[in-house]
Amino acid sequence: MMRLKRAVAVIGSALVVLIIIMIYSAKDLSEFAGKRQPVADYESLKFVNLENRIKQLEHDLNQHGNEVQDIKNVMKNIIPQNASSHSIKNSQMNPKDRLKPVITEVLYESNCPFQLNFVPKTDIQMLEIYKRLKFDNPDGGAWKQGWKIEVDEKDWNRQNKLKVFVVPHSHNDPGWIKTVEEYYLTQTKHILNNMLLKLPEDPRRKFIWAEISYFSMWWEDLGEDEREVVKRLIRNNQLEIVTGGWVMNDEANSHWISIMQQLTEGHQWLQQNLNYTPQSSWAIDPFGMSLTQPVLLKEMGFRNTLMQRVHYSVKKELASKQQLEFRWRQLWDGTGKTDMFTHMMPFYGYDIPHTCGPDPKVCCQFDFKRLPGHGLHCPWKVPPQEITDKNVAQRAVMLLDQYRKKSKLYKTNVVLAPLGDDFRYDHSTEWDVQYNNYQRLFDHMNSNLNLNVQAQFGTLTDYFEALHNDRKDADFPSLSGDFFTYSDRDDHYWSGYYTSRPFYKRMDRILLSYIRAAETILTLAYLSGKPGSAWITDREVGLERQLSDARKSLSLFQHHDGITGTAKDHVVIDYGKKMLAALNGCQHVIQHAAHILLSGKDAETPDRNALFYNIDDVRHSHDSIAERYPITIGPELRAKRIAIFNSLSFDREEVVTLHVSTPYVEVLDTKKRRIKCQVSPIFEYGSSMSQTKYQLSFVVHIPALGLVSYTINALWEYESPVESVRSGIRIYNQYGDVQAPVGFSDILVSPSSREFTLQNNRLTASFSNLGLLKALKVGANTVPVHLDFAKYGVRQTAERSGAYLFLPDGDAVPLHIENTIVNVIEGPIMSSVTVQLPYVRHSVTLYSSLGADSLGIEIENIVDIAKTSNFELVMRLSTNIKNSDEFFTDLNGFEILRRKRFQKLPIQANYYPIPVSAYIEDDKTRLTVLTGSPLGTSSLLEGQIEIMLDRRLNQDDNLGLGQAVLDNRPTKHIFRIILEQKTHSCRATAEGHPSGFPTLAAHVAAQTLLNPLVRLLRTEDEDKISQPDYLSVEAEFGVDFVIPTLRTGVTLKGRDHVAFVVHRQFVDTCFADQTLLKQFPLSQGSVNISALLPTELGSKLFKTSLSFLLLKNEVHIKGDLLMCPMEVQAFILQR
Ligand SMILES: [Zn+2]
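Residues numbered from 1 in each chain as written. Predicted model: local features only at pLDDT ≥ 70, side-chain atom pairs only at ≥ 80, totals over all residues. Heavy atoms only, no water.

Asker: I would appreciate a short explanation of the coordination of the zinc ion in the present structure.
Answerer: Expected angles at a metal are 109.5 degrees for tetrahedral coordination by four donors and either 90 or 180 degrees for octahedral coordination by six donors. Protein-derived coordination of the zinc ion comes from His 171 (NE2), Asp 173 (OD), Asp 285 (OD) and His 560 (NE2), at a distance range of 2.0 to 2.1 Å. Coordination geometry of the zinc ion: the 4 donor atoms subtend angles of 91 to 164° at the metal centre, consistent with an arrangement described as irregular. Expressed as a motif, the donor residue spacing for the zinc ion is H-x1-D-x111-D-x274-H. Here the residue Asp 285 occupies a position in the loop between β5 (280-283) and α12 (292-299), and His 560 occupies one in the loop between α19 (543-557) and α20 (569-598), the gap between them amounting to 275 residues. The pair Asp 285 / His 560 is uniform in exposure class, with both members buried. (Donors = N, O, S within 2.8 Å, 3.2 Å for Na, K, Ca; no water. Tetrahedral: all angles 85-135°; square planar, octahedral: opposite > 155°, others 65-115°. Helix = DSSP H or I, 4+ residues; strand = E, 2+ residues; numbered from the N terminus. Buried < 20%, exposed > 50% of the residue type's maximum accessible area, 1.4 Å probe, protein only.)

Structural data, given as structure tokens:
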């Protein structure tokens, strides 16, 4: 750093000028990349005519003031950034891999809103707020969680009136107490039908709607005339679609790709049916808010968002400083490029008593559905009054007082007063009483000039527009961080739902992986031009239809009572059945597309219903764990052809395991060469082994988006090729004999137990005599990693844990484990240990593959707590890592943030979602936990990470669900544990930076965990396949580029297109050595799209918004596309 400063001083202003020129030129290149020429055509853009370009650019920049600010901000940081880990990273790269000379690349990265070397300056940082707040919860009076708000009438006058927007809404959960279909038939249908009648009665009436799952169901029931009325209401700005997602998604457990999918599902529907693009987002009910949501919304073109369920102490803190409206910013953003304008509702709830102002007793009197005779009442015991000429003056002043008080919590003179609740406006009388009484109040307020108010019905965007007219964005504070863990009152932290109904949480991730695999392989089949590729994208009869249905089921489950596990039992079953059908649909799509890809150019068009392959992942019901498809081979049926599909855009070399009927086998690759394989017995219960089937493991090598076939041959017993190896088996704590399966005569059985180790090419794991992990050794370093299981109980008080709330009775108590049978398998391809513990069948596997599966250990827990009561099970990993009270958890698998354990908060408040990963680290070591199911996690002691596995709770927690959580199913969870040593004095981020990043190993291990290789088993015995593999990707991008979506059936301007999304993940390379960087090469920030997709002459590539609604600039299809770290971009391909 010192040396650099001196250098800067010497070169002085000349360098500064040069840098400015270079930034401008880099800015120019990225800005005009699509319009003028591909970024890769760098050489053609010489520095001649620089002056003209700068002029043009300044003109352009002046129109976008904040972009100038971006550059200024970048300027401030350019020197340190240059000397940062970027240069360390670059120096590790193979020089020939570099896109361009270092200076241009560093400049480009500097132009990214990505600041790691400093903690970006934001007005509000949530972790800092948490450090400061006392969380003391004093009684605030009428506004219980706030304070007494004083107003002075003189604050308003004729020139400065209070502007009030009353926004009628109806919150419709797509499944909770009833299934989505039950709600639709009994409630939602009537709400929307009444809207169609009641909104046209008066053009001043407004209404907003969020859930497209319901809206699309209703649309199907409408005639042409009625559809025209809907279109007119939208055109008139009486009806606004807010967010426009399929559902209002949960933000804790959902994966960001699924959030994107569910928003895209709704947006595509809106595009196709209403030619409509939503502008403002509305999230009043998700139980805590994620920072991933605004980044996705921003890329979809949203200008504003609104949230409600935030910790009461945080609300009070922000309200006290008029900071409830802010520019929500990503943790790494040093420029404000990712800002999303956000409105946080101030009070306890989104119902009418908590939305007009601070006093619910008053606001309740303005919920006219609670007028006597409508079946609802006010708990504060003062009912509403019908507005009449007699009382209007008094009632108006009373309501206005609430609006004025509410306005004091915000910076502008514009007030938002939502007017609705769950499933409201289902009776036409409710429309009448709400709209008529409010209109009388507005008319009175607006005509009495001395009240200095202008009140009206409004849409959400009406409110935001008035606000933006009142104040510019820069007047609002910037805020970075998230809003977990939510508490609505006292110590009621909503961290139970991070884990509730974990069986379906796991199913969600499996379905996501299938949808990704199915849409990817379908797109490849479509683009291949092979026989049968034409009809598959047909929306009515093609495979597209099955895929589209599957997407709808996944989207539905993202609802904040779906993946959260907070719906009634029968609704959970309904979600499960829909997901099972979706899984089966995806499997059908995958096997059919695989058949097309492996068939010859002159093959016959395949029968659309034919089954060419069975997918080795069989589910018999919506609530049972998948089984392996048994491969029966022997003397009669000697060969089985299989195919493996890799849905990821990087090369994979991993272990594949299948179940075969004989231990005498060989495995052949595409070139018919015998490859190494390992045969092991299958343990069924205790030490008993299957006598009819075996595990066959071998290492496959599948290039990016590749489909590769292998052959499994049955052999005679006397044939024993050196490549086919049988595992060594040891069974500890086993009294008496075991029945060894055929082929395994030398099993070591011992009535006692001892400690032992297992190892692969990268690490050694030590286990206790109970078969539980004790330590991990990587390189020369051994770190104690003790694994145990523990349980929480519930309190003996009235308020107890339920589906939403985690209210433990104290610290977790370790499970008592007696000497249990320990089954050990050892071999050159995989080694494992399996133990049956109380409530958990626990196994640890080490793979030896040179791939991402060998970077750590894999834990499989089959959890069954169905026989317990009021029981919450956790798995803990205890190490000597000196992480103090800090740990890191991810949001939606998209980004990672720093957490801190606070003594001032109870256990349940220190719990956070773990959608994909969590880690603890000190100067030397990092331990990462990756999970295949979203769950709850914490680090309650230094060196420790705990993860909740399942919860069984015998009571309701009084949040409306009205039932206990007793439908536990045996559930399989898969984790990967990665232990890594840090390169000495290497840092990816500045000290105390709020953002964390996965290591290279953690990134690839997470990607492969969530996107397992798809195993296809050929149904026909004969070998009719004309092609052993299908490999369409010409060159790889680097593992930091991820293709979350590659699909067909995206509509833009009435035509169907192939579309895809690209994400560039930033990875922390301080833990990567040369070997790892060679194994998993990183990009230099650019991708070449034509290497990914077959692009014909005349194909055009356009950048679009993230849900493919807004067409942006054209991008040169053969050019390299530069992307900033953590950027997400969407494209459509026009052929
Ligand atoms: Zn809801």
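Moving on from the coordinates now.
Asker: Please explain the pattern of salt bridges as it appears in this structure.
Answerer: Working definition: two side chains of opposite charge can pair if their charged atoms are close together. Scanning the model with the defined rule gives 62 salt bridges in all. Its salt-bridge partner being Arg 489, residue Asp 490 comes within 3.4 Å of it at the nearest N-O pair. The shortest N-O distance in the salt bridge between Asp 623 and Arg 969 comes to 3.4 Å. With Asp 623 in the loop between β14 (613-615) and β15 (630-631) and Arg 969 in the loop between β43 (944-952) and β44 (971-981), this pair connects stretches of sequence that are 346 residues apart. (Salt bridge = Lys/Arg side-chain N within 4 Å of Asp/Glu carboxyl O.)

Asker: Got a minute to help me understand the sheet that holds strand β28 (residues 773-778) in this structure?
Answerer: Sheet strands line up and pair through hydrogen bonds in the backbone, either parallel or antiparallel. Pairing is antiparallel in the open sheet, where 4 strands are placed in the order β26-β27-β28-β29. For this open sheet the edge positions go to β26 (756-759) and β29 (781-784), each flanked by a neighbour on one side alone. Taken over all neighbouring pairs, the strand axes of this sheet differ in orientation by 20° on average, direction set aside. Pairing geometry for strand β27 (residues 763-767) and β28, over 5 bridges, is antiparallel. Paired with Ser 766 across the strands is Ala 775, a residue of β28. (Pairing = 2+ DSSP bridges. Axes fitted to C-alpha atoms, helices over the stretch in contact; angles between N-to-C directions.)

Asker: For this particular structure, what's the right way to read the state of the cysteines?
Answerer: Every disulfide links exactly two cysteines, by a covalent bond between their sulfur atoms. Per the stated rule, a full pass over the model turns up 4 disulfides. Here Cys 112 engages in a disulfide with Cys 1124; their sulfurs sit 2.1 Å apart. Of note, the bridge from Cys 112 to Cys 1124 carries an S-S torsion of about -90° and is left-handed in sense. Of this pair, Cys 112 sits in the loop between α6 (102-110) and β1 (124-125) while Cys 1124 is found in the loop between β53 (1120-1122) and β54 (1128-1134), placing the two residues 1012 residues apart along the sequence. Of the two residues, Cys 112 and Cys 1124, neither departs from the other in class, the shared state being buried. Here Cys 356 connects covalently by a disulfide to Cys 363, the sulfurs 2.0 Å from one another. With the S-S dihedral at roughly -90°, the linkage between Cys 356 and Cys 363 falls on the left-handed side. Here Cys 356 and Cys 363 have matching classes, each one buried. Here the bonded cysteines of the chain are numbered in sequence order, and their pairing is 1-8, 2-3, 4-5, 6-7. (Disulfide = S-S within 2.5 Å.)

Asker: Is there a simple way to think about the pairing of strand β20 (residues 677-685) in this case?
Answerer: On a regular strand, each side chain points to the face opposite its neighbour's, so the side chains alternate between the two faces of the sheet. In terms of residue burial, β20 counts as a mostly covered element, since 7 of its 9 residues are buried. In the sheet, β20 pairs with strand β21 (residues 688-702) via 7 bridges, with the strands oriented antiparallel. Bridge assignment links Gln 678 to a residue of β21, and that residue is Ser 697. From the end of β20 to the start of β21, which pair antiparallel, there are 2 residues, and Gly 686 there has a positive phi angle of about 60°. Taken together, the 3 bridges between β20 and strand β23 (residues 724-726) define a ladder with parallel strand orientation. Bridging from a neighbouring strand, Cys 677 pairs with Ser 724 of β23.

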